[in-house]
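A look at the structure
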Amino acid sequence: PEDTMRFSDIIYKQEILSFTPSVSDFPVGMPCSDTRKLKRGDIFFCTDGTKQSGFSYIGEAKSAGACAIVTSRGGAARAGRMGIPVIEVEDVRRAYALAWSRYFGEPQKSLRLIAVTGTNGKTSVSYFICELLRMAGHSAGLIGTVEYSDGQHTTVSDYTTPPPEELYALLADMKRAGNTFAVMEASSHAISQDRLFGLDFEIGVFTNLSRDHLDYHKTWEAYRDAKAALFGNCRNSVINLDDAEARYMGFAADGGVYYYSEKDRGAEFFIDTPELTADGIRYRLEYGEESIPASASLIGGFNIYNTAAAISAVRLAGIPASVLSDSAKKLKAPPGRLEKLDTDTDFSVFIDYAHTPDALEKALSALRPFTSRLTVLFGAGGERDHGKRPEMGRTAERLADFVIVTSDNPRGEEPDAIIDDIIAGMTQSGHIRITDRREAIEYAVTHAKAGEIILLAGKGHENYVCDKSGKHEFSERDIVYKLMKRIG
């Protein structure tokens, strides 16, 4: 950012609806939307929260030393005589995103942007795209659920898609590090909250859509529309034709549309002769006159789709087919995505981030062919969509031989109440409930039989648990490895 910013650098004249009192220009600190973080001289944006109107914080912002207040229509009248400028704009969230972009010097203009959205597969596809680009000799940064990386430094992420103040700081770091590409996961929350407003993507990727986040979006249609909105800002869109919402996403696109499919030869990218083995996946990706052989040591049919999405996107970015065929062989699953732990036992333990009915089904279906006894341990997050809980219970008992229902980030809810909701969807007797997740893992491991596969679902890469008392350290990897050491 510049050492000294002025208001005219943050909000342009043509974006202002009204300005009270009218002044020509003045110095400002940083844009801010949280009075707890506001420093004297910052400009405060009245963005609405999930429970409170942004207008309600105007007094706090002035007391904290804000140099100006940015509001939506009617804000000036609500603010009254503040003694500091009150600026009305059409959309405060969009103005806030643009303000941070300008504060950091619009770093996105120096980067080729690729975004991945969908219910499941975002992390894997974005990882694969980033790795394929790097193997092809390009520098690429990554923003996603597991980590943020500028190619030189990596940090654990707090959000799938961070708010503008973090997002543009990351993009600025990528620019400084000399990256050509920035690859990011685009969550439905981020899209609906306009965190990505003002970004133009070279390529957008759609993986799939299934039930998730209805606690926030309320309806399926609102959730679907949030995802679809991304493709209105993409030069080219890569869309999974085998998903029921594929055409809806394609109609929402405002650029070139390229479908990928395992079922329809009419797709621009066709997945031909797919094979699943215990060693990995194999297929040919047909694109016009090109035939790209693809194989990787990844488990599950869903990884055929994930790798095909990534290869399609990177091919459209200009990477030659010959390079992609060789690079695909080196792809590895991101942390916590159907990751096999090194237990050195006659049974196997996998961890996976699956926390929706569809993701749980895909993880279990991927492991099902390789064992005669499949055990799954899972729960559901508190203060999130209640409706998916019984669906997850039904999915688990249908595909696994033994089910352990436990806790998973209960937040402010009672863990046992969440477990009750899950079990309400189950009809068979092949399950037990163990509320404490650590005890549940110990039970699964100590009762494992030769040849058994245990899937610990829901936490994946996370190394914490959230309950009523806050956030606590909790690593399933560490728990399993300590158990192995203890029991030999």
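Notes on the structure in this doc start here.

Before going further, it helps to examine the pattern of salt bridges. According to the stated counting rule, one finds 28 salt bridges in the structure shown. Residue Asp358 pairs with Lys362 through a salt bridge whose shortest N-O separation is 3.2 Å. Remark: Lys362 and Asp358 occur in helix α13 (residues 357–367); sequence separation between them is four residues, near one turn of the helix. Where Glu413 meets Arg389, a salt bridge forms, and the shortest distance between an N and an O atom there is 2.7 Å. With Glu413 in the loop between β22 (402–405) and α15 (415–423) and Arg389 in helix α14 (residues 388–399), this pair connects stretches of sequence that are 24 residues apart. Overall, the relative accessible area of 17% leaves Glu413 in the buried class. A relative accessible area of 0% means that Arg389 is categorised as buried. Salt bridges here are not isolated pairs; linked through shared partners, they connect Arg224, Asp225 and Glu245.

On to the sheet that holds strand β13 (residues 201–206), then. Backbone hydrogen bonds hold the strands of a sheet together, and the pairing may be parallel or antiparallel. The strand order across the open sheet built from 11 strands is β11-β10-β9-β12-β8-β13-β14-β15-β16-β17-β18, with neighbouring strands paired in mixed fashion. Whereas interior strands pair on both sides, the edge strands pair on one side only; in this sheet they are β11 (154–156) and β18 (290–296). The sheet shows a mean angle of 20° between the axes of neighbouring strands, direction not considered. Pairing analysis gives seven bridges linking strand β17 (residues 280–287) to β18, with the strands arranged antiparallel.

Here we come to the packing of aromatic side chains. Any two aromatic rings considered together are summarised by their centre-to-centre distance and by the angle between their planes. What the rule picks out here adds up to 12 aromatic pairs. Between Trp100 and Tyr103 the ring centres are 5.1 Å apart and the planes differ by 75°, which places this aromatic pair in the edge-to-face class. With Trp100 and Tyr103 both in helix α4 (residues 92–103), this residue pair falls three residues apart, about one helical turn. Their ring planes at 10° and their centres at 4.2 Å tell us that Phe269 and Tyr287 sit as a pair that is stacked. With a gap of 18 residues between them, Phe269 in strand β16 (residues 269–277) and Tyr287 in strand β17 connect regions that are remote in the sequence. Its relative accessible area of 0% is what places Phe269 among the buried residues. Aromatic rings pair up to connect Phe45, Tyr96, Trp100, Tyr103 and Phe104 into one cluster.

This paragraph deals with the sheet that holds strand β6 (residues 68–71). Taken in spatial order, the five strands make up an open sheet running β2-β7-β6-β5-β4, and their pairing is mixed. Edge positions in the sheet fall to β2 (16–20) and β4 (31–32), since each of these pairs with one other strand and no more.

Next up on the list: the nonpolar core. By size, the foremost hydrophobic cluster in this structure holds 54 residues, and its most contacted members are Phe45, Leu171, Met184, Leu196, Leu199, Phe201 and Leu230. Core analysis: the next-biggest nonpolar cluster, separate from the first, contains 42 residues, Ile129, Tyr260, Ile271 and Ile292 among them.

Right, let's get into the pairing of strand β15 (residues 256–261). On a regular strand, one side chain projects to one face of the sheet and the next to the other, so that they alternate. In terms of strand pairing, strand β14 (residues 234–240) meets β15 through five bridges, oriented parallel. Residue pairing in the sheet places Asn240 in a bridge with Tyr260 of β15. As for the winding sense of the linkage, the β-α-β connection from β14 through helix α10 (residues 246–252) to β15 is right-handed. Pairing between β15 and β16: two bridges, direction parallel. Looking at β16, one finds that Tyr260 is bridged to Phe269.

Reading the values: rules and limits
- Residues numbered from 1 in each chain as written.
- Predicted model: local features only at pLDDT ≥ 70, side-chain atom pairs only at ≥ 80, totals over all residues.
- Heavy atoms only, no water.
- Salt bridge = Lys/Arg side-chain N within 4 Å of Asp/Glu carboxyl O.
- Helix = DSSP H or I, 4+ residues; strand = E, 2+ residues; numbered from the N terminus.
- Buried < 20%, exposed > 50% of the residue type's maximum accessible area, 1.4 Å probe, protein only.
- Pairing = 2+ DSSP bridges.
- Axes fitted to C-alpha atoms, helices over the stretch in contact; angles between N-to-C directions.
- Phe/Tyr/Trp six-rings, centres within 6.5 Å; stacked < 30°, edge-to-face > 60°.
- Core = buried A, V, L, I, M, F, W, Y, C linked by side-chain atoms within 4.5 Å.
- Right-handed = clockwise from strand over helix to strand, strands pointing away.

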